[in-house]
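Descriptive analysis of the structure
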Amino acid sequence: MTKPISPLLPISYSKEVESAKLRGAPIVALESTIITHGMPYPGNIEMARSVEAIIRDEGAVPATIAVINGTLHIGLEPAELESLAQTTDAMKVSRADLAFAIAERRTGATTVAATMIAAARAGIKVFATGGIGGVHRGAEQSFDISADLEELARTGVIVVCAGAKAILDIPKTLEVLETRGVPVVTFGQEQFPAFWSRQSGLRSPLTLNSPAAIANFQKTRDQLGIDGGMLIANPVPQADEIPRNEMEIYISRALDNAERDEISGKAVTPYLLSTIFDLTDGRSLKTNIALVENNARLAAEIAVALVT
Ligand code: PSU
Ligand code: MN
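The structure contained in this document is the topic of the report that follows. Note that this is a predicted model, so its numbers are computed, not measured.

As a further point, take unusual backbone geometry. That bond from Tyr 41 to Pro 42 is cis: its omega, 0 degrees, falls within 30 degrees of zero. Of note, Pro 42 is situated in the loop between helix H2 (33–36) and helix H3 (43–57). Of note, the phi angle at Phe 195 is positive, near 65 degrees, even though the residue is not glycine. Secondary-structure assignment places Phe 195 in the loop between strand E9 (184–187) and strand E10 (206–208). Its relative accessible area of 1% is what places Phe 195 among the buried residues. Its identity as a non-glycine residue notwithstanding, Glu 262 has a phi of 50 degrees, on the positive side. Mapped onto the elements of the fold, Glu 262 is located in the loop between helix H11 (244–260) and helix H12 (268–279).

Structure below.
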């Protein structure tokens, strides 16, 4: 079911990903928008390195995905990762502009949607991130719904996240996922998590309690010939969480500022994230790093379970 990639496409695999592919070893994809647009330097590079290390510790191989000067990279060498983390003018590329970045020889960081496309083409089945894009609050006016949701419906990759940020309209985000037939599985609890907070006040459509059960669910979907992705929501560890009522204060301030500054389109999510970092004096960044690490660990366990 993996779509082949043309041998003409400029693509480059890191050494460890190349070798993992040959051995059939488990691989976990990682996105790069979180590095360039989701976190400030040097927190972003510390996060990027530590999630890669966690994935290796679990017996899988990390593949951070990005477009560098027009080449699609599946896995970055350490120097490439460092240089991407310091880049200030990378494009934020999603399904609409992944090919544009390659065609125009640009440097682009991949969103969840674009990372899923690249991972699927490279035969990678599991992908870890922080939060997915979703239906923005006020979408009935702005029509702002992330391309991530449509990608989850069509591309067969398991995406491990910490739920959806409460900067989004979480009920509407879950509704769109249901409409598009995307399984939403929360790991180890009944409630769907809200990124910085373990609780969203909403029941998760599905719950599973082990990586093996998640892998088994995916294998059964494959047996039925059901394609498309699946979303795993992994609650942030208790010790790192910022409770929902506290977050709500920062979120509404950030949303007010975004309206005042007339932020729209692709700029909305990065704007809200950086405003919230400022408002929480960096505490949200610490939580963000902890939850991505937690997701990387679970994603690696799922990737290992899929090959056993
Ligand atoms: N949500 C987060 N952190 C992020 C993003 C989303 O909690 O860094 C990034 C991801 O790369 C995601 C993208 O795919 O933002 C979604 O952007 P948009 O809302 O413009 O589709
Ligand atoms: Mn958007």
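Further notes follow.
This brings us to the environment of Pro 235. On the secondary structure map, Pro 235 appears in the loop between strand E11 (230–233) and H11. If sequence neighbours within four positions are ignored, Pro 235 has contacts with Thr 186, Phe 187, Gln 189, Pro 193, Arg 198 and Asn 294.

Here we take up helix H9 (residues 170–179). Of the residues making up H9, those classed as buried are Ile 170, Thr 173, Leu 174 and Leu 177. On an axial view of H9, the arc spanned by its buried residues comes to 95 degrees, and they lie on one face. The secondary structure elements touched by the buried residues of H9 are helix H8 (147–154), E9 and E11. Among the residues trailing H9, Gly 181 stands out with phi positive, at a value near 75 degrees.

A few words now on the site of ligand 1. Inspection of the region around ligand 1 gives 16 residues, with Glu 31, Lys 92, Ser 146, Asp 148 and Lys 165 positioned closest. Taking Val 112, its main chain carries an N or O atom lying 2.8 Å from an oxygen atom of ligand 1. Interatomic distance of 2.7 Å between a side-chain N/O atom of Ser 146 and an oxygen atom of ligand 1. Among the secondary structure elements, those contributing two or more residues to the shell around ligand 1 are H2 and H12.

Most of strand E3 (residues 61–68) sits out of view: 8 of its 8 residues are buried. Neither face of E3 is open: one carries Val 61, Ala 63, Ile 65 and Val 67, the other Pro 62, Thr 64, Ala 66 and Ile 68, and all of them are buried. Where strand E2 (residues 27–30) and E3 come together, 4 bridges link them in parallel fashion. Across the sheet, the residue bridging to Ala 29 is Ala 63, located in E3. Between E3 and strand E4 (residues 71–74), which follow one another and run antiparallel, lie 2 residues, and Asn 69 among them has a positive phi close to 45 degrees. Across 2 bridges, E3 lies against strand E6 (residues 108–110) in antiparallel orientation. Each bridged residue has a counterpart across the sheet, and for Ala 66 the counterpart in E6 is Ala 109.

Criteria and cut-off values
- Residues numbered from 1 in each chain as written.
- Chains lettered and ligands numbered in written order.
- Predicted model: local features only at pLDDT ≥ 70, side-chain atom pairs only at ≥ 80, totals over all residues.
- Heavy atoms only, no water.
- Helix = DSSP H or I, 4+ residues; strand = E, 2+ residues; numbered from the N terminus.
- Buried < 20%, exposed > 50% of the residue type's maximum accessible area, 1.4 Å probe, protein only.
- Contact = heavy atoms within 4.5 Å.
- Arc of directions from axis to C-beta.
- Near = heavy atom within 4 Å.
- Polar contact = N/O pair within 3.5 Å; in protein donor to acceptor, adjacent residues only side chain to side chain.
- Pairing = 2+ DSSP bridges.

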